[in-house]
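Chain and residue survey
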Amino acid sequence: DTAVSQTPKYLVTQMGNDKSIKCEQNLGHDTMYWYKQDSKKFLKIMFSYNNKELIINETVPNRFSPKSPDKAHLNLHINSLELGDSAVYFCASSRRTQYERGKFFGPGTRLTVL
Amino acid sequence: AQTVTQSQPEMSVQEAETVTLSCTYDTSESDYYLFWYKQPPSRQMILVIRQEAYKQQNATENRFSVNFQKAAKSFSLKISDSQLGDAAMYFCAYRSPYSGGGADGLTFGKGTHLIIQP
């Protein structure tokens, strides 16, 4: 009965590779997000996706691309991985008209680029 | 742009005692939402408590309560009767209700690491 799930939990890969992180929510939410948490624990929004409307944080490199096959999924694809991409990535979801209830976060995926 | 500041990188408290985590924010908006999230070692982000800026009454969730001072732009979290399971990183977060043009996300503080001493 997990609300927001992510796979994998850990991802170790070489520089230059392409990888994906999957996210699924079973809460019936209409908006999903990706956040990046750096080594200093600072959380930063990367994308939000609502009803095929993608809003991108302008600081995110275009090597990162979210893909949503349906409302319950928002996967994160990363091309040509760099050392600086090492971080914990969190998926989250919410109902756009009920943002006052906060977001539900997944458990995170720790990405290590060697 | 809004900013959220948590001035205490780390706090330590004895089990069963009360601890207060501070958070201040900067905004020019009059209506917004504030949240406290907990991130235990499992890394999952868990919503602890939320406050709507238009409400004067401080939010309370069991042992967790906030002291919301709108004029001072302060939003502190009080944890009463601290338990070992409360040990975690705590993040204060701000959300504008008018974020349609932006990334529609939360603005987080840098977190406070809470240690519970048995």
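Residues numbered from 1 in each chain as written. Chains lettered and ligands numbered in written order. Predicted model: local features only at pLDDT ≥ 70, side-chain atom pairs only at ≥ 80, totals over all residues. Heavy atoms only, no water.

The next thing to look at is the interface of chain B and chain A. Contacts between chain B and chain A engage 24 residues on the former and 29 residues on the latter. Together chain B and chain A conceal approximately 2200 Å² of surface at their shared face, both sides included; 55% is due to carbon and sulfur atoms. Our count for the chain B to chain A interface comes out at zero salt bridges. There are two residue pairs in polar contact (both at pLDDT 80 or more) connecting chain B and chain A. Going through the elements one at a time, β5 (33-39), β6 (46-52) and β10 (88-95) of chain B are the ones with two or more residues in the side of chain B that touches chain A. Residues that form the side of chain B that touches chain A fall into these classes: eleven nonpolar, seven polar and six charged. (Contact = heavy atoms within 4.5 Å. Buried area = accessible area lost by both parts, 1.4 Å probe. Salt bridge = Lys/Arg side-chain N within 4 Å of Asp/Glu carboxyl O. Polar contact = N/O pair within 3.5 Å; in protein donor to acceptor, adjacent residues only side chain to side chain. Helix = DSSP H or I, 4+ residues; strand = E, 2+ residues; numbered from the N terminus. Nonpolar A, V, L, I, M, F, W, Y, C, P; charged D, E, K, R; others polar.)

All told, the structure shown has two disulfides over all chains when counted by the stated rule. Here A:C23 connects covalently by a disulfide to A:C91, the sulfurs 1.8 Å from one another. Looking along the S-S bond of the A:C23-A:C91 disulfide, the torsion reads about -75°, which is the left-handed sense. Residue A:C23 is found in strand β3 (residues 19-25), and its partner A:C91 is found in strand β9 (residues 87-94); the two are separated by 68 residues along the sequence. With respect to burial, A:C23 and A:C91 carry one shared label: buried. Disulfide pairing is shown between B:C23 and B:C92; the S-S distance is 2.0 Å. Judged by the sign of its S-S torsion, about -70°, the cystine formed by B:C23 and B:C92 is left-handed. Residue B:C23 is found in the loop between β3 (19-21) and β4 (24-26), and its partner B:C92 is found in strand β10; the two are separated by 69 residues along the sequence. Classification of B:C23 as buried rests on a relative accessible area of 1%. (Disulfide = S-S within 2.5 Å. Buried < 20%, exposed > 50% of the residue type's maximum accessible area, 1.4 Å probe, protein only.)

Moving on, we get to the environment of B:A59. All names here are of chain B. Here A59 is to be found in the loop between β6 and β7 (60-61). With 36 residues separating them along the chain, A59 and C23 place their C-alpha atoms 15 Å apart. Every residue in contact with A59, bar those within four places of it in the chain, is listed here: I49, R50, Q51, F64, S65 and V66.

Residues and elements named next belong to chain A. Read across the sheet, four strands follow the order β1-β3-β8-β7 without closing on themselves; strand pairing throughout is antiparallel. Sheet topology places β1 (4-7) and β7 (64-70) at the edges, where each strand pairs with a single neighbour. Across this sheet, the average inter-strand angle for adjacent strands is 20°, counted without regard to direction. For β3 and strand β8 (residues 73-78), the ladder comprises four bridges, and the chain directions are antiparallel. Residue pairing for β8: I21 is matched across the bridge by L76. (Pairing = 2+ DSSP bridges. Axes fitted to C-alpha atoms, helices over the stretch in contact; angles between N-to-C directions.)

Next up on the list: the side chain of A:T13. Residues and elements named next belong to chain A. Here T13 shows up in strand β2 (residues 10-13). Look at T13 and you get buried, because its relative accessible area is 5%. A polar contact of 2.9 Å, which involves the side chain of T13, links it to the side chain of N17. Other than its neighbours up to four places away in sequence, T13 contacts K19, L81, L111, T112, V113 and L114.

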